[in-house]
Amino acid sequence: MNLWEAAREAFDSLSANLLRSVLTMLGIIIGVGAVIALVSIGQGVQVLVAEQVQSLGSNLLFVLPGTLEGGPSSGRATFSSIAGASSPTPLTLGDARVLADPLAAPDLVRVAPAFNRFVEVVYGDESRGTLMVATTPEYAAVRRVEVALGEFIASGHEQAASRVAVLGSQVAERLFPSGVLPLGETIKINRVPFRVIGVMRPLGGTGFANQDDIVWVPLSTAHNRLFRERTAAGEAVVSAIYVQVVSEERMASASEQIAEILRRRHGILYAADDDFTIINQADVLSVFGEITGILTVFLASIAAISLLVGGIGIMNIMLVSVTERTREIGIRKAVGAKRSDILSQFLAEAVVLSVIGGGIGTALGIGGSQALTSLVPDLRAVISLEAILLATGFSIGVGLFFGSYPAWRAARLDPIQALRYE
Amino acid sequence: MTESPLIRAENLVKVYRLGQVEVPALRGVSLEIQPGELVSIMGPSGSGKSTLMNLLGCLDRPTSGRYFLEGKEVGGLSDDELAQIRNRKIGFVFQTFNLLPRATALRNVELPLLYGRGDRRRERAEQALRAVGLGDRVHHRPQELSGGQQQRVAIARALVNQPPIILADEPTGNLDSKSGAEVMEVLEHLSRERGITVIFVTHDPYIASRTRRILRLHDGVLLSDEKLEDRSVLEGTL
């Protein structure tokens, strides 16, 4: 008996007991569906995070004060540093200026220091708490942001410490009533009037990385007119220094150059004593990749347990079926079925059950993940072939594994006794 | 047709073990059956005739003794080899028909072909059904057929691989006398036209009376071997 005949026989006997077959498949359907849906959503989240991090700019290095390890004396530098949490040894405008010197750090193309604070922005009766990023004209190129209207901070504004502001798209939208063009209007940042010179293109991003809920001002203006913080040496403090590196291959050497300059300026002898942190996209990506990866595997393993339960369900039903069909097995053996024929017939039934279940489960998993992600903007489920192959392969394996014991029981039945079975 | 016997059994013994007790079912049966013979094996229940049929049908192996089928010893073959011999050499007809209830007559008849030479399966199955007069019932399921028709489907199934032997175990036991007579006619016809050896296992004297040789078993021993020519001669003189 060849494979095709075995599959046909299996179909015949499974369709004769349709309800039971469907119920048996349910475990596999749910298991495969859950695995595929969870893996697809998990990979979708990974892609989303990767896109968001990449949208921060290419060949970008973040230089932040403090260390990520956060020892007892060093301030804990996290992304909150970007938002301006103070730290014991701050980065200064002077640090940024030296980094910008092409002779000191040849692999750096552009350097954009930024001073970040939460401020209150007011236009007319409308007021809004938002993040102010005070920076230099290089920022736009380093962070790859573009204006939709007007212009970004220019070097003239920086030199003159002009009271000009560029609004994130969301700030502009919320602050100005529809129909009012923000360009040329005067807003107040912490009660100091600023003229709006530009509105940024929407960038997307959510949570900490929401790039649209920001107001940009020249760095010199912030230091002279809004926040007069200085270090003990009288240097202007910056919250972060964004660095664009000449090429991706030079990222490591650029990091080295930055570290060397900063250690010299901060009087640090050993790398272990660093009071700053250099982060690149790959670091951020790998941290998030790791977290989402672990979560995906964890959830998928829970889903895989239901595959196991489904397999046990198949075994249970197959055992019942073998007992019920003892006489049929006897007849088949009497007319010449060998052990292997009976074995493959019952194995085929188990595999057909699990493969059909796997197919329906795959369809439901894809549909389910699409439905779920349609509720979350920007998140797209990534239907990976690997997940489908893995789940389908696993379900065939489950069918073979849990079908083999009942099939073996059927194959070794004695034809005389089987024929006598009532 | 006398060159070699189709079936030759030498001193067949079969002992069943029921726990600690050994129950002898056959205690040394020897017989020869020639191709094309129409034979009845008779005996009261417990005489060992079912055991003998299982041995002759290669469903079981003797405890001792030798069994030759077409000159080849089959007593020591493996389960799978026996299955192959059942497939090619032996057709079974059972008292309870033993058809697959969910399959059509055609599928039932095709069954032995599934486990053997599989070419032109449908055609050969249809041919076998026509041979038993059921050419118009091909797509009926067993429960849509009368008892006599079901038994004829079973005969078509036994026939489809063109085996030299058909073993019929009380083939009319579950039938009324009219259907029983029809079934007997079909089997006699096959024996006459195709030279198939038909062995009946029965305690129905009516069946025995229509065969030309009667083997009588009692307590696992062959009591008598009545050749039929004698009787037909006798009937002719009466």
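Residues numbered from 1 in each chain as written. Chains lettered and ligands numbered in written order. Predicted model: local features only at pLDDT ≥ 70, side-chain atom pairs only at ≥ 80, totals over all residues. Heavy atoms only, no water.

For the rest of this paragraph, the subject is the overall build of chain B. Looking only at helices and strands, chain B features 8 helices and 10 strands. In terms of overall size, chain B behaves like a compact globule, its C-alpha atoms giving a radius of gyration of 18 Å where 238 residues would be expected to give roughly 18 Å. Overall, chain B is about 50 × 45 × 40 Å in size when its C-alpha atoms are taken along their principal axes. Relative to all contacts within chain B whose residues are 6 or more apart in sequence, the contacts with residues 24 or more apart total 68%. Carbon together with sulfur atoms contributes 48% to the accessible area of chain B, which is approximately 10700 Å² in total. For chain B, the separation between the mean place of its 32 positive charges and that of its 31 negative charges on side chains is 5 Å. (Helix = DSSP H or I, 4+ residues; strand = E, 2+ residues; numbered from the N terminus. Rg over C-alpha atoms; globule rule 2.2 N^0.38 Å. Contact = heavy atoms within 4.5 Å. Areas by Shrake-Rupley, 256 points an atom, 1.4 Å probe, with all protein chains shown as cover. Lys, Arg positive; Asp, Glu negative; His and termini not counted. Charge placed at Lys NZ, Arg CZ, Asp CG, Glu CD.)

Another point: the domain arrangement of chain A. Once the domains are mapped, chain A shows domain 1 (3-52 + 287-420) and domain 2 (67-274). Computed over C-alpha atoms, the centres of domain 1 of chain A and domain 2 of chain A are 55 Å apart. (Domains from an automatic or database assignment.)

Another aspect to go through is a nonpolar patch on the surface. Taken together, Val287, Ile291, Leu295, Phe298, Leu299 and Ile302 of chain A make up a surface patch of nonpolar side chains, about 550 Å² in accessible area. Counting through the fold element by element, Val287 of chain A comes out in helix H9 (residues 281-324). (Patch = residues over 30% accessible without salt bridge, like charges linked within 9 Å, V, L, I, M, F, W, Y side chains within 5 Å. Salt bridge = Lys/Arg side-chain N within 4 Å of Asp/Glu carboxyl O.)

All names here are of chain A. Following the sequence through the fold, Ile36 ends up in helix H2 (residues 18-54). The spacing of Ile36 and Ala391 is 355 residues in sequence and 7.2 Å in space, taken between C-alpha atoms. Setting aside residues up to four positions removed in sequence, Ile36 forms contacts with Thr362, Gly365, Ile366, Ala387, Ile388 and Ala391.

Turning our eyes to something else, we now look at the interface of chain B and chain A. By a widely used convention, the size of an interface equals the accessible area lost when the partners come together. Across the contact, 23 residues belong to chain B and 25 residues belong to chain A. Counting each side, the surface lost to burial between chain B and chain A is near 2200 Å², with a carbon and sulfur contribution of 53%. Considering only the side of chain B, the residues that lose the most area to chain A are Arg102, Arg107 and Tyr115 of chain B, jointly responsible for 31% of the buried surface there. Where chain B packs against chain A, one counts 4 salt bridges. One salt bridge connects Arg107 of chain B with Asp12 of chain A, and the closest N-O pair in it is separated by 3.2 Å. Put simply, chain B and chain A have 9 residue pairs in polar contact (both at pLDDT 80 or more) between them. Elements supplying a minimum of two residues to the side of chain B that touches chain A: helix H2 (79-89) and helix H3 (105-114) of chain B. Among the elements that make up the side of chain B that touches chain A, the one with the highest residue count is H2 of chain B (6 residues). Split by residue class, the side of chain B that touches chain A holds 10 nonpolar, 5 polar and 8 charged. (Buried area = accessible area lost by both parts, 1.4 Å probe. Polar contact = N/O pair within 3.5 Å; in protein donor to acceptor, adjacent residues only side chain to side chain. Nonpolar A, V, L, I, M, F, W, Y, C, P; charged D, E, K, R; others polar.)

Residue and element names in this part refer to chain A. Running from N to C, H2 and helix H11 (residues 339-373) cross one another at 40°; their axes reach a closest spacing of 6 Å. It follows from the interaxial angle that H2 and H11 lie oblique. Once H2 is placed against H11, the crossing between them reads as right-handed. (Axes fitted to C-alpha atoms, helices over the stretch in contact; angles between N-to-C directions. Parallel < 35°, antiparallel > 145°, perpendicular 65-115°, else oblique. Left-handed = near helix turned anticlockwise from the far one by under 90°.)

Moving on to unusual backbone geometry. Residue and element names in this part refer to chain B. Positive phi outside glycine occurs at Gln162, with the angle close to 50°. Assignment of secondary structure puts Gln162 in the loop between helix H5 (147-159) and strand S7 (165-169). Residue Glu170 is not a glycine yet carries a positive backbone phi of 45°. Along the chain, Glu170 falls in the loop between S7 and helix H6 (177-194). With a relative accessible area of 9%, Glu170 lands in the buried category. (Buried < 20%, exposed > 50% of the residue type's maximum accessible area, 1.4 Å probe, protein only.)

Residue and element names in this part refer to chain B. The mixed open sheet is built from 6 strands, whose spatial order is S6-S7-S8-S3-S9-S10. Where the open sheet ends on each side, the last strands, each with one partner, are strand S6 (90-93) and strand S10 (221-227). Taking each pair of neighbouring strands and ignoring which way they run, the sheet shows an average axis angle of 20°. In this structure, strand S3 (residues 38-42) lies alongside strand S9 (residues 213-218), joined through 4 bridges in parallel fashion. Across the sheet, residue Met42 finds its bridge partner in S9, namely Arg216. Most of the contacts of helix H1 (residues 49-56) go to S3, to which it runs at about 140°, and overall it touches S3, S6, S7, strand S8 (197-202) and S9. (Pairing = 2+ DSSP bridges.)

Moving on: the side chain of Asp213 of chain A. Residues and elements named next belong to chain A. Of note, Asp213 is situated in the loop between strand S8 (192-200) and strand S9 (214-218). At a separation of 3.2 Å, a polar atom in the side chain of Asp213 contacts the side chain of Arg128. Leaving out residues up to four positions away in the same chain, Asp213 has contacts with Arg128, Thr130, Leu131, Gln170 and Val171.

Moving on, we come to the pattern of salt bridges. For the coordinates displayed, the defined rule picks out 32 salt bridges over all chains. Residue Glu349 of chain A is joined to Arg325 of chain A by a salt bridge in which the shortest nitrogen-to-oxygen separation is 2.8 Å. Of this pair, Glu349 of chain A sits in helix H11 while Arg325 of chain A sits in the loop between H9 and helix H10 (326-334); the two residues are 24 residues apart in sequence, bridging distant segments of the chain. Like Glu349 of chain A, the residue Arg325 of chain A is buried in the burial classification. With its nearest N and O atoms 3.7 Å apart, the salt bridge here joins Glu110 of chain B to Arg107 of chain B. Residue Glu110 of chain B and its partner Arg107 of chain B are both found in helix H3; the two are separated by 3 residues, about one turn of the helix.

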